[in-house]
Amino acid sequence: MAIQRVRSKWSKTKTLMRAHDLRAFIPLTKRYNRESLRSMMEQFDMVYIKPDSGTFGKGVIRLEKVAEPESGYRYQIKKETHHVASLDEVYRALQSYTSAKCYLIQRGVYLLKHNGRRFDIRVMVQRNLKNQWETTGIIGRLAHPERIVTNYHSGGTIKPFEKLMAKHCNSSEIAAYKRRLEILGVSIGKQLATDYPGLKELGVDVAIDTKLHPWVLEVNTKPHPYVFSWMSDKRVYDRVRRYSLAYGGMKKKRS
């Protein structure tokens, strides 16, 4: 059976939200339109507006309220930041991006930082040799200082999870948190498989807020396993590669 891929972030979010034990980890997400823009900004100080399908953080927009005395709203696309006075102006300004394809609006999460730069976590989840879901790798992604996304293709930097968490937790807490993410990854795999049984591998993007609560920002069904080859513990990548070869995600090199 071919590996199943699911492009729509909205479809995957709806599947995850059906699981009672996962709801607390999913930021409120809606289809983007004028009404949802207004209702979300009434509830939250910051949101992300992003394409329903797409990779590498392309097209992601960060929107936040501006505190007094300026007031209004500030939005950022790539490295460019703009300030406008009202939500109507925001909506008009973003139409050139959002009118061409389906966009979502998601509650913003204020990420933990490392040396002043925001970071999130990539959790790799795969079908193992027994066809069971297993979390095979956890790695950190440090955002470029001038960008809003953490993706390597957008200037982000791959860092060990333990290093990024070192100023926020002690060593035993980091180990416990890592185990928590491993369990979360497996739960996500099992739940998505209820609608998409052909899935074999997932890249779960997890934001950790300033209260150390994990939030699942999105799930990629075509993750890039090669980032794990940069880890000092080569056993992680060896396992990722071994499982991927078994279900056909990676191809054996010809000798």
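Everything below is about the structure shown above.
Attention in this report is confined to the structure presented alongside it. (Residues numbered from 1 in each chain as written. Predicted model: local features only at pLDDT ≥ 70, side-chain atom pairs only at ≥ 80, totals over all residues. Heavy atoms only, no water.)

**A short note on unusual backbone geometry**
Glycine aside, a negative phi is what most residues show, and trans is what most peptide bonds show. Phi at K78 takes a positive value of approximately 55 degrees, unusual for a residue other than glycine. For K78, the location among the structural elements is in the loop between β4 (73-77) and β5 (80-84). A residue is classified by how much of its surface remains accessible, and K78, at 58% relative accessible area, is exposed. We note that L212 has phi near 70 degrees; this positive angle belongs to a residue other than glycine. L212 sits in the partly exposed class, given a relative accessible area of 26%. (Helix = DSSP H or I, 4+ residues; strand = E, 2+ residues; numbered from the N terminus. Buried < 20%, exposed > 50% of the residue type's maximum accessible area, 1.4 Å probe, protein only.)

**Re the packing of helix α2 (residues 34-43) against helix α3 (residues 87-98)**
Remark: α2 packs on α3, axes separated minimally by 11 Å, with the N-to-C direction vectors making an angle of 135 degrees. When the axes of α2 and α3 are compared, the pair comes out oblique. You can see that α2 and α3 cross each other, and the crossing is right-handed. On the side of α2, the interface is formed by R34, L37, R38 and M41, while α3 contributes L87, D88, V90 and Y91. (Axes fitted to C-alpha atoms, helices over the stretch in contact; angles between N-to-C directions. Parallel < 35°, antiparallel > 145°, perpendicular 65-115°, else oblique. Left-handed = near helix turned anticlockwise from the far one by under 90°. Contact = heavy atoms within 4.5 Å.)

**So, the side chain of Q191**
Tracing the backbone shows Q191 in helix α5 (residues 171-195). A polar atom in the side chain of Q191 sits 2.8 Å from the backbone oxygen of T15. Ignoring anything within four residues of it in the chain, the contact list for Q191 reads T15, L16, R18, A19 and L22. (Polar contact = N/O pair within 3.5 Å; in protein donor to acceptor, adjacent residues only side chain to side chain.)

**Section: the side chain of R62**
In this structure, R62 sits in strand β3 (residues 61-65). The class of R62 is buried, set by a relative accessible area of 9%. Only 2.8 Å separates the side chain of R62 from the side chain of Y48, close enough to count as a polar contact.

**Focus on the environment of Y196**
Mapping Y196 onto the fold places it in the loop between α5 and β11 (201-208). Here the alpha-carbon distance between Y196 and V6, two residues 190 residues apart in the chain, equals 8.1 Å.

The quantities given are spatial measurements derived from coordinates; they are silent on function.
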